[in-house]
Amino acid sequence: MKSTVPDDCGNSPRNLLVSQFSVDWAAGNIDGLRPLLADDVRWEVMGDPEHEAESSLSLPREVREVEVFTAINHGRAASCNGRMLTATERIDFCHVFRFSGVARTEGKARHAR
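Trainee: Now, about the pairing of strand β4 (residues 77–85): what can you tell me, with residues and values included?
Mentor: The pairing of strand β3 (residues 65–74) with β4 spans nine bridges and is antiparallel. Along β4, the bridge assignment pairs V66 with M84. Connecting β3 to the next strand, β4, in antiparallel fashion are two residues, including G75 with a positive phi near 60 degrees. Pairing analysis gives nine bridges linking β4 to strand β5 (residues 90–99), with the strands arranged antiparallel. Paired with S79 across the bridge in β5 is V96. Count of turn residues in the β4/β5 antiparallel hairpin: four residues.

About the thresholds
- Residues numbered from 1 in each chain as written.
- Predicted model: local features only at pLDDT ≥ 70, side-chain atom pairs only at ≥ 80, totals over all residues.
- Heavy atoms only, no water.
- Pairing = 2+ DSSP bridges.
- Helix = DSSP H or I, 4+ residues; strand = E, 2+ residues; numbered from the N terminus.

Everything listed here is a matter of coordinates, which is why it stays silent on function.
Following this line, the structure appears as structure tokens:
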């Protein structure tokens, strides 16, 4: 799978973290995601209020390419957006995270959208 993240992610550990999260998520690397998430993580999918966190980790498609357009963070909040390409469709995404701590490398994601 081809992946692209913003060049400036190296300036911020959290920007790099949320960008890599999106790449791992698109690739189906669930084992790489779990250490980043709190045990009680909530995952909200727009238009699907009953969606469960566990099913959000597994994509039922083979993603050929993922590109993260923008990654930003401030305090406990972080966000990134981008697109995934499969053989037949384009899937746009935006992840919004709320971390349990404010230090650059502290905390796990407690909430994602």
